[in-house]
Amino acid sequence: MASTDVSGNTVELVKMTITAFDDEKYENPSPDGEFVVMYNPNTYTQEFKNFYEKAPTQGNKETLTFKHTESESIDFEYLFDATGASISGKSNMADDIIKDGRTDKVIDRFLEITYKVNGETHQPRFLRLQWGDFTFEGLLEKAVVTHKLFDQSGYPIRSTVNCTFRTHQSLEEQAAEARKNSPDLTRYRTVRTDDTLPVLGFQFYENPDFYLELARVNNLNNFRRLKAGQRIVLPPVNKTS
């Protein structure tokens, strides 16, 4: 089913496509591993999460020391409907559901490709989600299936699958990121509330005693008094050798 834009031109509805790959470089698509959703999601949720180590300070307050960033996750709810109501756009998922007259078989095939462990690689397949200009690459972390409507024989004919996907970096990408954030390179930090040079020394160099070098490089006479918003130079570790 197509729609028209404000100029009256015919526009084909773009459906989200989920493509499974056997490799983390996304070069080898899995056989029969492409799904065009039956209905585009109405909403989606992204989660970004940092982890901090809490340490007490004077006055019984806590200072947060950054430890690492959790990989991004994203949640989608997909509707599977065998009743044939309101189908629009092209979808191999919709074709299979209408042919089966039930939703559970297609959901099983969907999970077989996207969630279950590949016997050859010994891990779940890597997934690319594409919807217009939106692209997400990662792994299916969790899927919750809910059957909502049944036919007279008890087969589910309307179901939802809530999926949580998490981004994945290959070892090569992780190595490149590590080089980018290496303490062997000069970096900069905007001071936050409760930041101190010993805290920054531990966070970036795993050595709180590095505060003396930080004070010298930044021409600081009083390392205990940092102003929120000021810019601190974080020198490469090889300059202290």
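Rules used throughout
Residues numbered from 1 in each chain as written. Predicted model: local features only at pLDDT ≥ 70, side-chain atom pairs only at ≥ 80, totals over all residues. Heavy atoms only, no water. Salt bridge = Lys/Arg side-chain N within 4 Å of Asp/Glu carboxyl O. Helix = DSSP H or I, 4+ residues; strand = E, 2+ residues; numbered from the N terminus. Buried < 20%, exposed > 50% of the residue type's maximum accessible area, 1.4 Å probe, protein only. Phe/Tyr/Trp six-rings, centres within 6.5 Å; stacked < 30°, edge-to-face > 60°. Arc of directions from axis to C-beta. Contact = heavy atoms within 4.5 Å. Polar contact = N/O pair within 3.5 Å; in protein donor to acceptor, adjacent residues only side chain to side chain. Core = buried A, V, L, I, M, F, W, Y, C linked by side-chain atoms within 4.5 Å.

Undergrad: Before we go on, may I ask you to explain the pattern of salt bridges in this structure?
TA: Oppositely charged side chains are able to pair whenever their charged atoms sit close together. By the definition in use, this model includes eleven salt bridges. The residue Arg166 makes a salt bridge to Glu70 at a minimum N-O spacing of 3.5 Å. Within this pair, whereas Arg166 is found in strand S11 (residues 156-167), its partner Glu70 is found in strand S6 (residues 62-81), the two being separated by 96 residues in sequence. The partner of Arg109 in a salt bridge is Asp96, with the nearest N and O atoms 3.6 Å apart. Of this pair, Arg109 sits in helix H2 (residues 104-114) while Asp96 sits in helix H1 (residues 92-100), placing them 13 residues apart in sequence. Judged by relative accessible area, Arg109 falls into the partly exposed class, the value being 37%. We classify Asp96 as partly exposed; its relative accessible area is 27%.

Undergrad: Would you mind going over the packing of aromatic side chains with me for this structure?
TA: Each aromatic ring pair is characterised by the separation of its centres together with the angle its planes make. Evaluation of the coordinates by the stated rule reveals eleven aromatic pairs. Aromatic pair Phe35 and Phe110: ring centres 5.3 Å apart, planes at 75 degrees, arrangement edge-to-face. Placement of the pair is Phe35 in strand S4 (residues 29-36) and Phe110 in helix H2, with a sequence separation of 75 residues. On the accessibility criterion, Phe35 (9% relative accessible area) is buried. Aromatic side chains Phe76 and Phe165 sit 6.4 Å apart centroid to centroid with 65 degrees between the ring planes, which places their arrangement in the edge-to-face category. Of this pair, Phe76 sits in strand S6 while Phe165 sits in strand S11, placing them 89 residues apart in sequence.

Undergrad: What exactly am I supposed to notice about H1 here?
TA: Because the α-helix completes a turn every 3.6 residues, residues three or four places apart line up on one side. Of the positions making up H1, those classed as buried are Met93, Ala94 and Ile97. One face of H1 carries all of its buried residues, which in axial projection span an arc of 95 degrees. Summarising the geometry of H1, the exposed residues directed more than 90 degrees from the buried face are Asp95 and Lys99. Close packing links the buried residues of H1 with S4, S6 and H2. Two or three places before Met93, at the opening of H1, Ser91 has a side-chain oxygen 3.3 Å from that residue's backbone nitrogen. Where H1 terminates, the next one or two residues include Gly101, which has phi positive at roughly 75 degrees.

Undergrad: In this structure, what is going on with the side chain of Asn40? I would like to understand it.
TA: Residue placement: Asn40 occurs in the loop between S4 and strand S5 (44-56). Side-chain polar atoms of Asn40 contact the backbone oxygen of Val14, separated by 2.8 Å. Of the polar contacts made by the side chain of Asn40, one reaches the backbone nitrogen of Met16; its length is 2.9 Å. Residues contacting Asn40, with those up to four places away along its chain left out, are Leu13, Val14, Lys15, Met16 and Trp131.

Undergrad: Any chance you could explain the nonpolar core here in plain terms?
TA: Counting 29 residues, the largest nonpolar core has Phe76, Tyr78, Phe80, Leu129 and Phe165 as the members making the most contacts within it. It is H2 that provides the largest number of residues to this core, a total of five residues. In contact with Phe80, other than residues within four places in its own chain, are Met38, Met93, Ile97, Thr103, Val106, Ile107, Ile157, Arg158, Ser159 and Val161. Membership of the second largest hydrophobic core comes to eleven residues, among which are Tyr205, Leu214, Ala215 and Leu226.

Undergrad: Would you take a moment to explain the environment of Asp81 for this structure?
TA: Locating Asp81 in the fold gives a position in strand S6. In this structure, the C-alpha to C-alpha distance between Asp81 and Met38, residues 43 residues apart in sequence, is 7.9 Å. Setting aside residues no more than four positions away along its own chain, Asp81 makes contact with Met38, Tyr39, Ile97, Ile98, Thr103, Ile157 and Arg158. In this structure the side chain of Asp81 is engaged in a polar contact, spanning 3.1 Å, whose partner is the side chain of Arg158.

Undergrad: It is not clear to me how helix H4 (residues 197-205) should be interpreted in this structure. Could you clarify?
TA: Leu197, Val199, Leu200, Gly201, Gln203 and Tyr205 are the residues of H4 that are buried. At its buried positions, H4 is contacted by S6, strand S12 (187-190), helix H5 (211-217) and strand S13 (231-234). Just downstream of H4, Glu206 is the residue with a positive phi angle, here 55 degrees.

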